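Topology and contacts: notes
Listed here are the chains, written in short residue letters.
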Amino acid sequence: MEKKRNRNALRSINMIMEAYVELLSEKPAEKITVTAIVNKAGLNRSTFYAHFSCPNDVMDMLEQRLVEDLLNSLKKFDLDGLMNDPGPLLEIVSARIEARMDYVKLMFEKHSASQWLDSLREAVIEKFMSDPQADRYSDKDMLLLNVRFFVGGYISLCKDCITNRLNMPLSSLTDTLSKTISGGLNASCVQQ
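Residues numbered from 1 in each chain as written. Predicted model: local features only at pLDDT ≥ 70, side-chain atom pairs only at ≥ 80, totals over all residues. Heavy atoms only, no water.

It is worth spelling out the state of the cysteines at this point. One pass over the full model with this rule turns up zero disulfides. Here C158 is not disulfide-linked; the sulfur of C161 is the nearest cysteine sulfur, at 6.6 Å. (Disulfide = S-S within 2.5 Å.)

The structure is reproduced here in structure tokens:
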């Protein structure tokens, strides 16, 4: 019986989140109400309040799930892999973001996504800095600086692609960055 209850709760949470995303495509986040969410989801208010206290909680859970999904996709990557060949990691991240691009674009258009990006950046940095391989690096401050520079820079560039400040898909960004990293900055910027 407990398993069925958990399955029903998960189903309700997913319906609420789907309704929220649909509403987000229609209006700004601050205009989304509990009534609109439950009407769109075909649920009652008590079901909503059993899982969330307000519409912002729904957005928070959506953002948390995106961060968790990206972190789960990075489980097989370790600090040495990041430092030696970040290309495969970049490919995984861009593929996971592109798989949810409609929603991610909505987050930037209708809701301030900076909190989500900050959470993502800090979670990825923590993942690599807590890797046991970090103990092999003598200069921890320099290691942290390099990881922060790389992860923060990549996330910033992803945001630029998503918001069309860079006119290229994430897969092209990933390919360009992989070539830049392997060839050096100067090799990627051919002088005329």
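With that out of the way, let us pick up the nonpolar core. Counting 57 residues, the largest nonpolar core has Y20, L89, I97 and W116 as its most contacted members. Counting residues per element, this core draws most heavily on helix 9 (residues 140–162), which supplies nine residues. The contacts of I97, once residues within four sequence positions are left out, are L70, V104, C158, I162 and L170. (Core = buried A, V, L, I, M, F, W, Y, C linked by side-chain atoms within 4.5 Å. Buried < 20%, exposed > 50% of the residue type's maximum accessible area, 1.4 Å probe, protein only. Helix = DSSP H or I, 4+ residues; strand = E, 2+ residues; numbered from the N terminus. Contact = heavy atoms within 4.5 Å.)

It is worth spelling out the side chain of S12 at this point. As for its placement among the helices and strands, S12 is situated in helix 1 (residues 2–24). With sequence-adjacent residues up to four places away left out, S12 is seen in contact with L43, T47 and H51.

Unlike most non-glycine residues, N164 shows phi in positive territory, near 65°. As for its position among the elements, N164 is in the loop between helix 9 and helix 10 (170–183).

Below, the discussion takes up the packing of helix 4 (residues 55–73) against helix 6 (residues 87–99). Helix-helix packing is described using two parameters, namely the angle between the two axes and the distance between the axes. Running from N to C, helix 4 and helix 6 cross one another at 145°; their axes reach a closest spacing of 9 Å. Helix 4 and helix 6 meet at a crossing whose hand is right-handed. Across the interface between the two elements, D69, L70 and S73 of helix 4 pack against I92, V93, R96 and I97 of helix 6. Partitioning the contact of helix 4 with helix 6 into residue classes produces four nonpolar, one polar and two charged. (Axes fitted to C-alpha atoms, helices over the stretch in contact; angles between N-to-C directions. Left-handed = near helix turned anticlockwise from the far one by under 90°. Nonpolar A, V, L, I, M, F, W, Y, C, P; charged D, E, K, R; others polar.)

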